[in-house]
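Structural overview
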Amino acid sequence: MSSSSSRNAFEDGKYKTNLLTLDSSSRCCKITPSSRASPSPPKQLLVATPVEEGEYPVVMLLHGYLLYNSFYSQLMLHISSHGFIVIAPQLYSIAGPDTMDEIKSTAEIMDWLSDGLNHFLPPQVTPNLSKFVLSGHSRGGKTAFAVALKKFGYSSDLKISTLIGIDPVDGTGKGKQTPPPVLTYEPNSFDLGKIPMLVIGSGLGETARNPLFPPCAPPGVNHREFFQECQGPAWHFVAKDYGHLDMLDDDTKGIRGKSSYCLCKNGEERRPMRRFVGGIVVSFLKAYLEGDDRELVKIKDGCHEGVPVEIQEFEVIM
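A brief report on the enclosed structure follows. Fair warning: this is a prediction, and the values are worked out from it, not measured in the lab. (Residues numbered from 1 in each chain as written. Predicted model: local features only at pLDDT ≥ 70, side-chain atom pairs only at ≥ 80, totals over all residues. Heavy atoms only, no water.)

From N to C terminus, the chain includes seven helices and nine strands. Compactness check: the chain gives a C-alpha radius of gyration of 18 Å against a globular reference of 20 Å for 318 residues, within 12% of the reference. Dimensions of the chain, computed from C-alpha atoms along their principal axes, come out at roughly 60 × 45 × 40 Å. Taking all 318 residues of the chain together, the buried fraction comes to 58%. Considering only contacts within the chain whose residues lie at least 6 apart along the sequence, 82% involve residues at least 24 apart. Working note: accessible area of the chain is about 13100 Å², and carbon and sulfur atoms make up 50% of it. Seen as two clouds, the 32 positive and the 36 negative side-chain charges of the chain have centres 3 Å apart. (Helix = DSSP H or I, 4+ residues; strand = E, 2+ residues; numbered from the N terminus. Rg over C-alpha atoms; globule rule 2.2 N^0.38 Å. Buried < 20%, exposed > 50% of the residue type's maximum accessible area, 1.4 Å probe, protein only. Contact = heavy atoms within 4.5 Å. Areas by Shrake-Rupley, 256 points an atom, 1.4 Å probe, with all protein chains shown as cover. Lys, Arg positive; Asp, Glu negative; His and termini not counted. Charge placed at Lys NZ, Arg CZ, Asp CG, Glu CD.)

Quick look at the nonpolar core now. Counting 51 residues, the largest nonpolar core has Leu113, Phe132, Leu134, Phe145 and Leu163 as its most contacted members. When residues in this core are grouped by element, the largest group, seven residues, is from helix α2 (residues 100-120). Setting aside chain neighbours within four positions, we find leucine 134 in contact with Met60, Leu62, Thr106, Met110, Ala144, Val147, Ala148, Ile160, Thr162, Leu163 and Ile164. (Core = buried A, V, L, I, M, F, W, Y, C linked by side-chain atoms within 4.5 Å.)

Let us now look at the state of the cysteines. Taken as a whole and judged by the stated rule, the model has one disulfide. Each sulfur of the disulfide joining cysteine 216 and cysteine 264 lies 1.9 Å from the other. In this structure, the disulfide formed by cysteine 216 and cysteine 264 twists by about -95° around the S-S bond and is classed as left-handed. Taken as a pair, cysteine 216 in the loop between β7 (197-202) and α4 (223-228) and cysteine 264 in the loop between α5 (254-259) and α6 (271-290) lie far apart in primary sequence, 48 residues in all. Between cysteine 262, a cysteine without a disulfide, and cysteine 264, which holds the nearest cysteine sulfur, the sulfur-to-sulfur distance is 9.9 Å. Accessibility expressed as a relative area gives 41% for cysteine 262, which makes it partly exposed. (Disulfide = S-S within 2.5 Å.)

To continue, consider the sheet that holds strand β1 (residues 17-22). One open sheet holds the nine strands; their spatial order is β1-β2-β4-β3-β5-β6-β7-β8-β9, and the pairing between them is mixed. Both edges of this open sheet fall to β1 and β9 (311-317), since each of them pairs with a single strand only. Pairs of neighbouring strands in the sheet enclose a mean axial angle of 20°, with direction left out of account. Where strand β2 (residues 45-50) and strand β4 (residues 85-89) come together, four bridges link them in antiparallel fashion. Along β4, the bridge assignment pairs leucine 45 with proline 89. Running over the sheet, helix α1 (residues 73-80) touches β1, β2, β3 (54-62) and β4 and is turned about 30° from β2. Strands β3, β5 (125-137), β6 (162-166) and β7 of the sheet are contacted by helix α3 (residues 139-149), whose axis makes an angle of about 120° with β5. (Pairing = 2+ DSSP bridges. Axes fitted to C-alpha atoms, helices over the stretch in contact; angles between N-to-C directions.)

Shape descriptors only; they carry no functional weight alone.
Given below as structure tokens:
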């Protein structure tokens with residue numbers, strides 16, 4: 001079933017969707033002799049899936065630093081409604097500066113997907129892991145690139161079809177990268193064998209909210225450096241007047257949820273940025289997974305009438 005399902009990627013697609021939580025207590029949806037013994041996922045997973053019968057590409061979304069995967073529910077459902085299974089693991093609840101555990105956990109989850117995911121989805125839904133997308137936001141974006149680069153001791157046999165960084169961050173400033181450092185500061189140094197890459201940036205991410213807090217996506221370690229190190233094909237979009245956390249849900253609960261409104265320089269509301277991120281991701285995946293680049297070309301040419309934010313910067317490496 002094709003994911004080219006809507007005339008406007010920035011609005012909800014045609015597929016009805018559902019949110020599932022998979023953890024150690026989850027039971028298989030597809031009951032067969034083999035599925036009864038299927039192991040639970042290595043980490044708790046939030047899954048947005050179409051409910052209609054079909055086979056769908058799989059997108060893994062890695063959360064940002066000290067955030068919950070549930071904070072991305074609306075973004076996940078947006079992408080899923082265009083014909084994708086979107087999986088967001090909860091990689092940790094508390095973590096220090098070192099990202100090695102997240103890299104290891106991500107590789108383990110990717111390995112689990114091949115044998116485990118199918119058993120926990122609705123019976124009529126089949127994951128197409130030959131079209132697997134690895135993506136991440138903030139520190140999760142750094143982790144996604146680290147796993148794809150396969151140079152930190154942990155990797156998966158699951159082939160990555162496309163790689164996406166949503167306002168990725170590699171530390172608190174140039175020379176202050178968190179271990180292990182992903183950025184090399186050598187142009188086009190990310191040699192990923194022609195895997196298409198998408199980097200989305202926030203125009204306000206490198207601006208401090210006030211003197212008490214540093215920028216959430218500091219200059220020298222943010223989306224610009226990640227894109228500069230990409231090899232083609234690679235796309236780079238920056239949303240003007242929106243911040244590092246503006247793609248999260250409108251209502252993020254708890255202390256961490258409330259702090260997400262306080263720590264970063266934000267736009268006036270989250271919905272436009274969330275729709276922008278979802279639409280860019282969908283358009284990019286339609287182009288590179290389904291061969292339908294009509295919306296991506298319209299966005300590139302500045303003639304897509306549905307773009308919900310002003311695009312501050314755009315670059316592409318072919």
